[in-house]
Structure formats: structure tokens, C-alpha cells
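Working through the structure, step by step
So you can see what is in the structure, the chains are spelled out below.
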Amino acid sequence: MLTALNLLNYIDRSVLFAVQPLVQSEFHLTNTQVGYLTSAFLGFYMIAAPFTGPLAGRYSRKMIIVLGAVFWSGLTLLTAVTHTYWELLVRHTLVGVGEATFVTIAPTFVADLFPEKERGRIFGVFYLAIPVGTAAGYLLGGKLGPHFGWRFPFYIAAFPGFLLAILLLFIPEPPRGQFDSLKETPDRGTIRGLARNPAFWMVTLGMAASTFSLGGVQVWMPTFLSRVRGYSLESANLMFGKIVVVDGILASLAGGWLGDRLLPRMRSSYYFVSAISMGLGVPVMIVALFSKGQLMVPAIAVAAFLLLFNTSPLNTALVNSVGAHIRATAIAVNIFIFHLFGDVPSPTLMGYVADRRSLQAAFILPIVAMAVSSAVLFYGMRFAPAVRVDDGAGSLGGRSG
């Protein structure tokens, strides 16, 4: 049910992308006004996260998730009475606030349902919502919007949220940290200690650099294929969309599985597999951007796979880096930082370089960010916590970093 709610979370975000031309036509909007809808959503989502995270330490996480799901589903349904641009803007920003409650707290709920040795695979399933939900939003909006109006897809996306919120009420909330093997030391279990927790900061900074790269590529790759490589915009979006969905599913599951597989022998396995994938992605991305022959499309597919490979390992490393009682707050801080330094500035900076040099030159920025992410995560391996893995002798995971 949590994975299904996460799916709806991403569907609601991407439905707007699919119906943007219809919204723009009805309200007579400029491109800047349309783009600001997403910028405002992301900004309020990022700012709300640090305020919603600490709530999990004082109140029932299940009830916060339920109330958040009802809140954002209700706002999605209220699209029916949205008749001006400013009403739509307010609706969209408030949806960001509602979704922040889920994204900061749900991963802590998931972590407490499974032992540490399985968390990579479990988060691989949970974060399938990113590529699948994004694709579903495009399909939902793209199919229903032209026939029934741009508001109709939002109604379809809203009702499952209410149903899942009601069903979640009957799920018992797991005890905090019931499967955690490490004690909550001051560095792992207090807000003050979070500031000097290198395991947390390395994964957060590595994630920020990775998100900078991924955010820029997602925004500009279809345009690059259209303007620079001669594809039609429709075929460029279709091809890249298929790549993201297939790669997202395979990479999310494979990354979590490999991190779990290596954990008994390497306590830093989640940092390691993410660092390797980002490092390998650098030369592949160079081929994807500077090759004009038959290698280009396969290279884009491989580069996207390597970029998405670290989704579940990095989120697993994040929840393992702190104690259960400050986990939601840590995730909230993580969300704020990796958006602030990641996908918030990267599309704009790439556009700035493209205006002054070329769009192909702008893609140097995500390539550099991939290299930075890899270097940070390799350095962060030394700080990975030695979580306990049940290998028959109750030993600690990993004999070395």
C-alpha cells in the first residue's frame, strides 16, 4: 500500500506535464508561467520537508501518512473547481506540501518492516514508483486529457489516494527501529549529532550530485535529441520515455539486490555500488552525447541505467546511516539539500550554458556531476555503519569498508 501511494505521488506530478499544452491554451499562459507551476511545486515540497519530518518523532507515522494522502488527494480532486492560473498554482504548491509528508515519513515506515539485510531490495520495489508512476502520469494525461479535458485525469488520480488512506488505517504501525542492529549513539540518534554524522553527509552530498545530473538529463535530453540530433520532438520523447521506464525498473531492482548481496562481505556495499555506477556512467554519457552513429541510442540507455542504478542503494544507505528516532528528520534534511543543490539548479544552469555555448556543451555539467558523485561516495565508504547481518553467526556486515 505504501508503494501504491508512492506511485500515486509520482502520477500526480507527471499528469500536469502531459496536459500542459491544454492548460496553457485555456489560461493563455506563457511558457514561463507553465514552467513555474512545477518550480513552485518543487520549491514548496523542498521547504516543507524539514518541517514535516520532525512530526514523525512526536506523532503516529501512520496517521501522518493517512492525513497527508487525504490532503493531497483532496487537492487533486479540487482541480474540478480550478478556473484560473493562480488557483491552479496554489493547488499545485499545496499538493507539494502534502506529498512532502509522505516522502519524508513513508521510507522510515518501510525500513521498520524489514531487517537491514533486505532493505536494498525492499527499497528497490518501493522506488519503482519513480519511473512507473512518472510514465503512468504521462499515459493517463496523454490519453484522457485530449478527449475529456485536462482536468479529468486528475479526478482519476485522486480517488485511489482516498481508498489507500482508508486501508492503511488497518495496518499496524511497526515499532521504531525494531530491526536496527546498531545502538542510537549521539551521532546516530540526535539532531545535534546529525550535523557531525559523516555517513549521512556523504550519502546526502553524493545524492545531490547524482540528482543534479539526473535532473538536467531528464529535462534536456528530449530537446537535445530533437534540436541537435534531428529527431522529431514526439519521437524523442517517446524513445527517451521508454528508456527511463525500462531502465528505472531494472536499475532500481538490480541496485537494491546487488547492495544487499554484497553487504555481508562489505559494510559499505550501498555506497560502493552507487559510486561504481556513477563512475562507469561518465564515459558512457560522453559516448551518448558525442556519438552520432548507431552507438548513440544504446549509450543513452546504458547511461540512464547507470544513473538510476543508485536509487535504492543510496536510499538504503540513508536510512541505515541514522537511528530510527531521527530517521524522518534526516530524510527531510536530505530531501532539502539534494533538491537545493541537485535538480533545482541543474536545468537552469544547463539552459544558461546552452544559450551561451551550445546544448551539447551544456551536458558537460551532468557529466562532471556524475564524476563528483562517484568521488564523494567512494570517499564515504569509510564511514558506512557496520549493520548486523544474520549470516548464521549473527556477525556484523562487512569485514572492511
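Presented here is a report on the structure given in the accompanying data block. (Residues numbered from 1 in each chain as written. Predicted model: local features only at pLDDT ≥ 70, side-chain atom pairs only at ≥ 80, totals over all residues. Heavy atoms only, no water.)

**With respect to the overall build of the protein chain**
- Check the secondary structure of the protein chain and you find 18 helices and zero strands.
- Taken against the 2.2 N^0.38 rule, which gives 21 Å for 401 residues, the C-alpha radius of gyration of the protein chain at 21 Å falls within 12% of a compact globule.
- Considering only C-alpha atoms, the protein chain reaches an extent of 65 × 50 × 35 Å along its principal axes.
- The buried share among the 401 residues of the protein chain stands at 53%.
- For the protein chain, long-range pairs separated by at least 24 residues make up 81% of all intrachain contacts whose partners lie at least 6 apart in sequence.
- Counting only carbon and sulfur atoms, one obtains 69% of the accessible surface of the protein chain, whose full area is about 17,000 Å². (Helix = DSSP H or I, 4+ residues; strand = E, 2+ residues; numbered from the N terminus. Rg over C-alpha atoms; globule rule 2.2 N^0.38 Å. Buried < 20%, exposed > 50% of the residue type's maximum accessible area, 1.4 Å probe, protein only. Contact = heavy atoms within 4.5 Å. Areas by Shrake-Rupley, 256 points an atom, 1.4 Å probe, with all protein chains shown as cover.)

**Let's talk about the environment of Ala371**
- Inspection of the secondary structure assignment puts Ala371 in helix α18 (residues 364-380).
- Its relative accessible area of 37% is what places Ala371 among the partly exposed residues.
- A C-alpha to C-alpha distance of 9.9 Å links Ala371 and Gly206, two positions 165 residues apart in sequence.

**Some thoughts on helix α14 (residues 311-320)**
- Buried residues dominate α14, accounting for ten of its ten residues.
- Residues of α14 that are buried include every one of Thr311, Ser312, Pro313, Leu314, Asn315, Thr316, Ala317, Leu318, Val319 and Asn320, and no others.

**Notes on the pattern of salt bridges**
- One pass over the full model with this rule turns up seven salt bridges.
- Residue Asp260 pairs with Arg121 through a salt bridge whose shortest N-O separation is 2.8 Å. One end of the pair, Asp260, is in helix α11 (residues 233-262); the other, Arg121, is in helix α5 (residues 119-126), and 139 residues separate them in sequence.
- Take Asp260: its relative accessible area is 5%, and that puts it in the buried class.
- The salt bridge partner of Arg327 is Asp180, with a shortest N-O separation of 2.8 Å. Placement of Arg327 in helix α15 (residues 327-343) and of Asp180 in the loop between α7 (152-168) and α8 (186-189) is noted, with a sequence separation of 147 residues between them. Asp180 matches Arg327 in its accessibility class, with the two residues each being buried. (Salt bridge = Lys/Arg side-chain N within 4 Å of Asp/Glu carboxyl O.)

**Thoughts on the packing of helix α12 (residues 269-290) against α18**
- Contact geometry for α12 and α18: axes closest at 8 Å, N-to-C directions at 160 degrees. As summarised for this structure, α12 and α18 are arranged roughly antiparallel, according to the angle between their axes. You can see that α12 and α18 cross each other, and the crossing is left-handed.
- Tallied by class, the residues present in the contact of α12 with α18 amount to 16 nonpolar, six polar and no charged. (Axes fitted to C-alpha atoms, helices over the stretch in contact; angles between N-to-C directions. Parallel < 35°, antiparallel > 145°, perpendicular 65-115°, else oblique. Left-handed = near helix turned anticlockwise from the far one by under 90°. Nonpolar A, V, L, I, M, F, W, Y, C, P; charged D, E, K, R; others polar.)

**Description of a nonpolar patch on the surface**
- Residues Met63, Leu67, Ile166, Leu169 and Phe170 make up a contiguous nonpolar surface patch of about 520 Å² in total accessible area.
- Among the structural elements, Leu169 can be located in the loop between α7 and α8.
- Assessed through its relative accessible area of 38%, Leu169 is described here as partly exposed. (Patch = residues over 30% accessible without salt bridge, like charges linked within 9 Å, V, L, I, M, F, W, Y side chains within 5 Å.)

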